[in-house]
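So the chains spell out like this:
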Amino acid sequence: DNVWRFVLFYIPLWFCICFITFVYCRVWSRLGVTVRNQQHQEHLISNVDEEDEVGSAHMQPMHDVDKEAESDMKPTKKTGERRSMAVSPRTQSKSSTLQRMKWYPMVLALCYTPATIRRLYELVSRDTTSSPMWMAALQVFFSALIGLFNAIVYVFSQQAVREKDVAWVKQNCGCVAK
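Residues numbered from 1 in each chain as written. Predicted model: local features only at pLDDT ≥ 70, side-chain atom pairs only at ≥ 80, totals over all residues. Heavy atoms only, no water.

### Description of the pattern of salt bridges
How we decide: We count a salt bridge whenever a side-chain nitrogen from Lys or Arg sits within 4 Å of a carboxyl oxygen from Asp or Glu. Secondary structure is summarised from DSSP: a helix means a run of H or I of at least four residues, a strand means a run of E of at least two, and numbering begins at the N terminus for each. Remark: exposure states derive from per-residue accessible area (1.4 Å probe, protein chains only) relative to the maximum for the residue type, with buried under 20%, exposed over 50%, and partly exposed in between.
Applying the stated criterion across every chain, the model contains three salt bridges. Glu122 is the partner of Arg118 in a salt bridge, and the nearest nitrogen-oxygen pair spans 3.3 Å. Placement of the pair is Arg118 and Glu122 together in helix H4 (residues 103–125), with a separation of four residues, close to one helical turn. Overall, Glu122 belongs to the buried group, its relative accessible area being 1%. Residue Glu122 is joined to Arg119 by a salt bridge in which the shortest nitrogen-to-oxygen separation is 2.9 Å. Placement of both Glu122 and Arg119 in helix H4 is noted, with a separation of three residues, approximately one turn of the helix.

See below:
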């Protein structure tokens, strides 16, 4: 009976948790490379713009400049200074999304660890009635909290999304969003 539980539930569960974590780490590392490449490209564009300002009028203009990078290089309204190492809003959005996504596999791991430990204990002891009451209580308690923890992560991630949307509207439209 316990062997079937592991074959049909716990092994696939932990495989999925490990796979989700692996994919998250791969995406996170790729995003880091993308951010570094974009910062390098923006830094090069900044250097070219500074050379143009000094008097290098004979240089050909760059026609293949990414529009996002070009918009990041415009002078700011308040100081007139250039933002040479700014990260584009799209890259920031991807990064914040990944920051929020990391909590979902953590919720699964946290909530299913007591159940897995209890079932391993029963598998090793070969007696399904030998697990202590406190182990069963922990399993029931954490299993019941999966939905609550996912809802908490969802609410906080949506709050962060709403705050970023309001900030974006204020920055780009010059108006106050409700």
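What follows picks up the thread again.
### So, the nonpolar core
Our working rule: The set of buried Ala, Val, Leu, Ile, Met, Phe, Trp, Tyr and Cys residues whose side-chain atoms join them within 4.5 Å is what this entry labels a nonpolar core. Contacts were defined at the residue level, with two residues in contact if any of their heavy atoms lie within 4.5 Å.
With ten residues, the main nonpolar core is built from Phe6, Tyr10, Leu13, Ile17, Val107, Cys111, Tyr112, Ala115, Ile146 and Val153. Elements represented by at least two residues in this core include exactly helix H1 (2–54), H4 and helix H6 (146–173). If near-sequence neighbours (up to four positions away) are discounted, Ile17 is found in contact with Pro105, Leu108 and Ala109.

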